2 protein chains.
Amino acid sequence: MPVRIGKRTIKLENNTGILSSAGVAGHKESQGPLGKFFDMTYENDMLNEKTWEKAESRLQTEAVNYVFGKTGLKASDIDLVFAGDLLNQCISSSYGLRKFGIPFLGQYGACSTMAQTMIMAALITDSFAADRTLAVTSSHFCSAERQFRLPLEYGGQRNLTAQWTVTGAGAAVIERNCGICRIEEVTTGRIIDPDIKDPNNMGAAMAPAAADTIMTFLRDTKTMPDDYDLILTGDLGFIGSELLIQLMDREGLDISRVHNDCGKLIFYRKEQDVHSGGSGCGCCGSVFCSYIMQKLRSGELKNILFAATGALMSATSSKQGESIPGISHLLHIRACS
Amino acid sequence: MPVRIGKRTIKLENNTGILSSAGVAGHKESQGPLGKFFDMTYENDMLNEKTWEKAESRLQTEAVNYVFGKTGLKASDIDLVFAGDLLNQCISSSYGLRKFGIPFLGQYGACSTMAQTMIMAALITDSFAADRTLAVTSSHFCSAERQFRLPLEYGGQRNLTAQWTVTGAGAAVIERNCGICRIEEVTTGRIIDPDIKDPNNMGAAMAPAAADTIMTFLRDTKTMPDDYDLILTGDLGFIGSELLIQLMDREGLDISRVHNDCGKLIFYRKEQDVHSGGSGCGCCGSVFCSYIMQKLRSGELKNILFAATGALMSATSSKQGESIPGISHLLHIRACS
């Protein structure tokens, strides 16, 4: 069963790992540097649905179908699914996963959801409360823009600090069995509010939370940044990543050689005009569940930290003058072979 | 550590229970049959805040403060908090709990959130991944009306099948120690969609999910309704409760003698003009964490099932013609003394 180490870190003890995963993404993502790594990309981001929200639900259905296809598993082989997304009342998850009939526990961690769902799935599986679990998330550029910012038709100019919500989804199957990689420890995040109020600069709002969680993990496990092949953050983007490196540096921790960010990896910054990079639950969802998992399987990556970050605000809270609290949840993951 | 029994039920094995809890509620709730049982009620539902959303956040802060006051615990004594609510991006929870700095895992189960957060807290605590956890939820009539239905100022007439969102919050502290009551087993819910599209009849949309979860629990544990003092549903209200009794009856299970519903208990149906009863995460949040917990402590209730229900829709999904999927999560709870 799981064991607490240090302040906020939990060590898994039963060989709990990721058996398989799948990441799917939209058209713009297919044109980016990771295009060839996704399990599927869609030419048309509507996915033959009638609305963007239904298309986003469809992304979750598709990601789960792909991971079932790869593993030969079916819905009845899964004891619990942990899923969440950015849409109001997390409808991408409830409608996208409805047809599977798997016991469902909705999660909300904003863009940290891929890490949060994997942490929940891993802890519950490691404790024998479930034998096999699923972690799923998604986001969609068009459903996010109209919910959080402006109608797409308005054609508003984007702030240079703004990020581009990824159209994509990720799904990972977790069991007590080192399939592709083992989840060694997890560190849960606290809500950290740096009092930033600009909803077009999420990277800055989330960087302190990432720094807090990564530093807590390193202290709890008595390890250093260079002990890892990669410290991968969720979607701080270019600006947030730079801030994270500075914040860590102030504490005497140089992560610049091993750090990368899903929001930096997924798009060509200039050619694709994405300003500060990718964002959204589907950003690290699709990047982790395809590109990163393939590198863990091939052995190119052996020992990584994955710390996704989320901004816990809404359009309403911003309109009411509230600041944007951030959160970051972390998994330490080691390749099996 | 937890053990799976039957199909979807998990048995807790380490004496995990609820140490203490607190329920707070608004003015209308203070005038209802349970008024005197709440730990605190507020004359003014704005709670001296500037917006209803901030007032709802405040309800969560207050519920946690009351449970800390009762137990002498402070934020640093809690390893993890599981919380969620109905507002877009669950802002009541993130802003209401921000100041405590407790590692935070946001949950979304719509009105089933009190049961979901207690299930997560109980499983994680029982497995030793945490020593002491907190489960929190809230809802607010005014923030819910304007988000899900119409601006209050519009003064629209309410459908007779509609329920009244409770202004209230609940917080419960869970540890491996039978404080007031022990959590014996939990059953997680599946998404059940009875294809109901009327957002003014949530009881009907959620009743099949409650029936599915309660029947699964009874089968998994080989028990009968009369083995329990009370089978308490979350907020099916008057119409949903009647449907649940009928659905169970069809399967040969008569729950009519032991069933009650938080949405029926909290208001005087006619005098308070609430039509089909109370609803919202704060309905079973405040009722369970005050009234029910007090009865478990006094020994008036000894052995109960608590099955909260949620409707996994949003205003957007309803406008897009989607049906309303329901979910229900259940805990079997036994008084310690």
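Residues numbered from 1 in each chain as written. Chains lettered and ligands numbered in written order. Predicted model: local features only at pLDDT ≥ 70, side-chain atom pairs only at ≥ 80, totals over all residues.

Describing the overall build of chain A
- Each helix and strand counted, chain A has ten helices and 15 strands in total.
- Since a compact globule built from 337 residues should have a radius of gyration of about 20 Å, the 18 Å found for chain A is in line with a globular shape.
- Reported as C-alpha extents along the three principal axes, the dimensions of chain A are approximately 50 × 50 × 35 Å.
- For chain A, the residues scored as buried account for 64% of the 337 residues in total. (Helix = DSSP H or I, 4+ residues; strand = E, 2+ residues; numbered from the N terminus. Rg over C-alpha atoms; globule rule 2.2 N^0.38 Å. Buried ≥ 20, exposed ≤ 12 C-beta atoms within 10 Å, placed from the backbone.)

Structural notes on the packing of helix α6 (residues 202-221) of chain A against helix α7 (residues 237-250) of chain A
Residue and element names in this part refer to chain A.
- Interaxial distance between α6 and α7 falls to 8 Å at its minimum, and their mutual angle equals 40 degrees. Taken together, the axes of α6 and α7 are oblique relative to one another. Like other packed secondary-structure pairs, α6 and α7 cross with a definite hand, here right-handed. Contacts between α6 and α7 involve Gly 203, Ala 204, Met 206, Ala 207, Pro 208, Ala 210, Ala 211 and Ile 214 on the former and, on the latter, Gly 237, Ile 239, Gly 240, Leu 243, Leu 244, Leu 247 and Met 248.
- Looking at the contact of α6 with α7 residue by residue, the classes come out as twelve nonpolar, three polar and no charged. (Axes fitted to C-alpha atoms, helices over the stretch in contact; angles between N-to-C directions. Parallel < 35°, antiparallel > 145°, perpendicular 65-115°, else oblique. Left-handed = near helix turned anticlockwise from the far one by under 90°. Contact = placed C-beta atoms within 7 Å. Nonpolar A, V, L, I, M, F, W, Y, C, P; charged D, E, K, R; others polar.)

Observations regarding the relation of the copies chain B and chain A
- Overlaying chain B on chain A yields an RMSD of 0.0 Å, the required transformation being a rotation through 180 degrees with an accompanying axial translation of 0.0 Å. The relationship between the two copies is best expressed as a two-fold rotation axis.
- Most of the interface of chain B is mirrored in chain A, where 100% of its interface residues again form contacts. (Least-squares fit on C-alpha atoms with pLDDT ≥ 70 in both.)

A look at the interface of chain B and chain A
- Contacts between chain B and chain A engage 49 residues on the former and 49 residues on the latter.
- Top contributing element to the side of chain B that touches chain A by residue count: strand β6 (residues 104-108) of chain B, with five residues.
- Of the residues belonging to the side of chain B that touches chain A, the class tally is 25 nonpolar, 17 polar and seven charged.

What to know about helix α4 (residues 113-126) of chain A
- Between its first and last C-alpha atoms α4 of chain A spans 19 Å; for 14 residues at 1.5 Å apiece the expected length is 20 Å, and the two agree.
- Within α4 of chain A, 14 of the 14 residues are buried, leaving the element largely enclosed by the surrounding structure. (Expected span 1.5 Å × (residues − 1).)

Here's the deal with unusual backbone geometry
- Of note in the backbone geometry, Ala 110 of chain A takes a positive phi value of approximately 50 degrees without being a glycine.
- In this fold, Ala 110 of chain A is placed in the loop between β6 (104-108) and α4.
- The phi torsion at Asn 15 of chain B lies on the positive side, around 60 degrees, for a residue other than glycine.
- Residue placement: Asn 15 of chain B occurs in the loop between β2 (9-11) and β3 (16-25).
- A residue is classified by how many C-beta atoms lie within 10 Å of it, and Asn 15 of chain B, with 13 of them, is partly exposed.

Section: the nonpolar core
- Grouped together as the largest cluster of nonpolar side chains are 234 residues, with contacts concentrated most on Phe 306 of chain A together with Phe 306 of chain B.
- Among all residues touching Phe 306 of chain B, those that are not within four sequence positions of it are Ala 115, Leu 232, Phe 288, Leu 330, Leu 331 and Ile 333 of chain B. (Core = buried A, V, L, I, M, F, W, Y, C linked by C-beta atoms within 7 Å.)

Topic: the pairing of strand β14 (residues 303-311) of chain B
All names here are of chain B.
- Taking burial as the measure, the nine residues of β14 include eight buried ones, the bulk of the element.
- By the bridge criterion, four bridges tie strand β11 (residues 230-233) to β14 in an arrangement that is parallel. When the sheet's bridge partners are listed, Thr 233 is paired in β14 with Ala 307.
- As paired strands, β14 and strand β15 (residues 326-335) are joined by nine bridges and run antiparallel to one another. What sits directly across from Leu 305, in β15, is His 332. (Pairing = 2+ DSSP bridges.)

Regarding the domain arrangement of chain A
Residues and elements named next belong to chain A.
- Assigned domains within chain A: domain 1 (3-176) and domain 2 (183-335).
- One C-alpha centre belongs to domain 1, the other to domain 2, and the line joining them spans 17 Å.
- Between domain 1 and domain 2, the contact holds 61 residues from the first and 59 residues from the second.
- Broken down by secondary-structure element, the contributors of at least two residues to the side of domain 1 that touches domain 2 are β2 (9-11), β3 (16-25), α1 (27-30), α4, β7 (132-139), α5 (141-148), β8 (164-165) and β9 (168-176). (Domains from an automatic or database assignment.)

Observations concerning the confidence of the model for chain A
- When pLDDT is averaged along chain A, the result is 97, and 100% of the positions lie at 70 or above.
- Scoring the predicted complex yields pTM 0.98 and, for the interface, ipTM 0.98. (pLDDT = per-residue confidence, 0-100.)

Looking at the pairing of β15 of chain B
Residues and elements named next belong to chain B.
- Summarising burial for β15: nine of the ten residues are buried, a large majority.
- Taken together, the six bridges between strand β10 (residues 181-187) and β15 define a ladder with antiparallel strand orientation. Paired with Ile 183 across the strands is Ile 333, a residue of β15.

So, the environment of Asp 226 of chain A
- When you line up the elements, Asp 226 of chain A lands in the loop between α6 and β11 (230-233).
- Distance in space between the C-alpha atoms of Asp 226 of chain A and His 259 of chain A is 9.9 Å, their sequence separation being 33 residues.

Considering helix α2 (residues 52-71) of chain A
- Between its first and last C-alpha atoms α2 of chain A spans 29 Å; for 20 residues at 1.5 Å apiece the expected length is 28 Å, and the two agree.
- The first or second residue beyond α2 of chain A is Gly 72 of chain A, which carries a positive phi of 75 degrees.

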